[in-house]
Amino acid sequence: MVQYGDLDTAFGAVSDPTRRGILERLGHGDASISELAESFDMTLTGMKKHVGVLEDARLVTTNKVGRVRTCRLGPRRLENEAAWIERFQRMMDDRFNRLEALLERTKE
Amino acid sequence: MTQTLMRTTITTPTDREIRIERIVNAPRDRVWRAYTEPALIAQWWGRGNKLVIERMEPVRGGHWRYVEHGPNGVYGFEGRYREVSAPTRFVRSFEWDGMPAHVAIETVTMEDLGDGRTQVVITMQMHTPEERDGFLQSGMQGGMDAAFAALDRLVEEE
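The paragraphs below set out a description of the structure included in this document. What you are looking at is a predicted structure, and each value in this text was computed from that prediction instead of being measured.

About the thresholds
- Residues numbered from 1 in each chain as written.
- Chains lettered and ligands numbered in written order.
- Predicted model: local features only at pLDDT ≥ 70, side-chain atom pairs only at ≥ 80, totals over all residues.
- Heavy atoms only, no water.
- Pairing = 2+ DSSP bridges.
- Helix = DSSP H or I, 4+ residues; strand = E, 2+ residues; numbered from the N terminus.
- Axes fitted to C-alpha atoms, helices over the stretch in contact; angles between N-to-C directions.
- Contact = heavy atoms within 4.5 Å.

### A short note on the sheet that holds strand β3 (residues 50-56) of chain B
Residue and element names in this part refer to chain B.
Okay, step 1: Sheet architecture is open: eight strands sit in the order β1-β2-β8-β7-β6-β5-β4-β3, paired in antiparallel fashion. A single partner strand is all that each edge strand has here, and the edge strands are β1 (8-11) and β3. Each strand axis lies, on average, 20° off the axis of its neighbour in the sheet, ignoring direction.
Okay, step 2: Note: β1 against strand β2 (residues 17-24), four bridges, orientation antiparallel. When the sheet's bridge partners are listed, Thr9 is paired in β2 with Glu21.

In structure tokens form, the structure reads like this:
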């Protein structure tokens, strides 16, 4: 059973477009904070903050060797398409159930 | 928690599309009204969350905007109508505040099954696979809101 608080942290982490971009970028390969800062046209401090949020959500891990901090995906993998679809389905099903319930109770 | 069988089908015919199908146990005219009359939309589209219908002009060129007040935040959905053919079909643009200017085209068709039921088919057409995934994730957010609400109800019952 997943913990709601834990999921909430992950959702908070991926609600930001830059952080989704970072995850996508890291999906293509590991990158240092400064490389990420450069590709997203951000300051090192700004990028460190974003990576920190992703790290707290365990979507990203970092490892410092010398002066370079390398970021990579994991240990927790963002939900794959199947999991997104499953949740999307649950939302739509809930919506349609409520539509049906409304039409049922307003029947003439 | 009780796991009930879901009656809504979701498929992804292409990497830029989401297709949603559901048979609704009500006649087509009433389903159409529930989709186009603000007072009715507000009662179901938000899945139990407060939903404010800020604009609803279901005519070609008309605007729509719904604002959902979920337990984890307030977010809007909006767009314009491209085509409205009552009571069978409408096509509108669809944007979520969480992904501004990533515009999907939503096509909703309603087929009268002749036995008092209506088949509703929704297709969401996106420009890119990334947008498609983003929309699925917005569903994830919504799904979580519903889950939280369910959790709250459980907690209240105890």
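Now that the structure is up, let's keep going.
### A few points about the environment of Ala42 of chain B
Residue and element names in this part refer to chain B.
Okay, step 1: Here Ala42 is to be found in the loop between α2 (38-41) and β3.
Okay, step 2: Spatially, the C-alpha atom of Ala42 lies 6.6 Å from that of Ile53, the residues being 11 residues apart in sequence.
Okay, step 3: Ala42 has contacts with Leu51 and Ile53, leaving out every residue within four places of it along the chain.

### Some points on the pairing of strand β2 (residues 60-65) of chain A
Okay, step 1: Inspection of the sheet shows β2 of chain A paired to strand β3 (residues 68-73) of chain A by six bridges, in the antiparallel sense. In the sheet register, Thr62 of chain A faces β3 of chain A, and the bridge partner there is Cys71 of chain A.

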